[in-house]
Amino acid sequence: MLTRLPSRLVALFVGLWLYGFSMALMVVAGLGLDPWDVFHQGVAQRTSLSFGTVTALAGAAVLLLWIPIRQRPGFGTVANVVVIAVAVDTSLALLPELDALTTRIPVMLFAVVLNAFAAALYIGAGLGPGPRDGLMTGLVARTGLSVRLVRTGLEVAVLATGWMLGGTVGVGTVVYALGIGPLIQLMMGLLNRLGPNRGAGDVGARRRTRGLPGPLTCAATGPGDTQPGPDACAASG
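Note that this is a predicted model, so its numbers are computed, not measured.

Chemist: Any chance you could explain the overall build of the protein chain here in plain terms?
Modeler: Secondary structure summary: the protein chain contains 10 helices and zero strands in total. Taken over 237 residues, the protein chain has a buried fraction of 53%. Total accessible area on the protein chain stands at roughly 10000 Å², and carbon and sulfur atoms take up 68% of it.

Dropping the structure here:
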């Protein structure tokens, strides 16, 4: 884990901003989102709220669910809710609409890779898990169920709800689910080589994954584990 607070704060905020930007890229690519973002988009389409506002409200609602399972948020948890929401709305306002499939596919692939890099940065800061990852780990601790089962259950529920509300499910959803976990592990390894302990993260964060997406070392899977997220080990946004 990064040991100096200033360095950790930089990693946290840069990681969260890039995470929000990568979410916006997935939206404009229009080829499918990760489970939580399918839900966020579905709600946004049914209301007058922006995508980022829905993301923040959903994160705040998930934090309320931490109370009965006795989870404690960190500074990074709160920053996750605020920074990602601002970043995704700002990015969506600036990014152009994409029509050509030959452009949308590379943008979607780049977004998944960038999401993994962003997740590795903010997880490595070790300043608290994202709201959705904290919910997952709290439920695992309270129920005794496996990370894989809890994460899969949560993400199937939000994916199905988001899809019924009109959120975009497609090849991007599958690519994210299959690729985000391995990519986060790869990015964290690369960050470790750039400096002493850089990007190592703490054990809790590694279990993580917009959410990050899945535990990097846990039984992470799917867009959960595939999405470190912002929220995830198995990576969590």
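Chemist: Sorry, what's going on with the nonpolar core here?
Modeler: Within soluble globular proteins, side chains that are nonpolar tend to cluster in buried spots. Counting residues in hydrophobic clusters, the biggest one holds 40 residues, and the most contacted among them are Leu12, Leu16, Tyr19, Met26, Tyr122 and Ile184. If you list the elements that add at least two residues to this core, you get helix H1 (5-29), helix H4 (75-94), helix H5 (101-125) and helix H8 (171-194). Broken down by element, this core gets its largest block of residues, 13 residues, from H5. Core analysis: the second largest hydrophobic core is formed by six residues, Val62, Ile69, Leu135 and Val158 among them.

Chemist: How should I be thinking about the packing of helix H3 (residues 51-64) against helix H6 (residues 131-143) in this particular structure?
Modeler: Two measures define how a pair of helices packs: the angle their axes make with one another and the distance between the axes. Their axes nearest at 8 Å, the elements H3 and H6 cross at an angle of 25°. One way to sum up the angle between H3 and H6 is to call them roughly parallel. As H3 runs across H6, the sense of the crossing is left-handed. Together, Thr55, Ala58, Gly59, Val62 and Leu63 of H3 and Pro131, Arg132 and Leu135 of H6 make up the contact between the two elements. For the contact of H3 with H6, a count of residues per class yields five nonpolar, two polar and one charged.

The rules we used
Residues numbered from 1 in each chain as written. Predicted model: local features only at pLDDT ≥ 70, side-chain atom pairs only at ≥ 80, totals over all residues. Heavy atoms only, no water. Helix = DSSP H or I, 4+ residues; strand = E, 2+ residues; numbered from the N terminus. Buried < 20%, exposed > 50% of the residue type's maximum accessible area, 1.4 Å probe, protein only. Areas by Shrake-Rupley, 256 points an atom, 1.4 Å probe, with all protein chains shown as cover. Core = buried A, V, L, I, M, F, W, Y, C linked by side-chain atoms within 4.5 Å. Axes fitted to C-alpha atoms, helices over the stretch in contact; angles between N-to-C directions. Parallel < 35°, antiparallel > 145°, perpendicular 65-115°, else oblique. Left-handed = near helix turned anticlockwise from the far one by under 90°. Contact = heavy atoms within 4.5 Å. Nonpolar A, V, L, I, M, F, W, Y, C, P; charged D, E, K, R; others polar.

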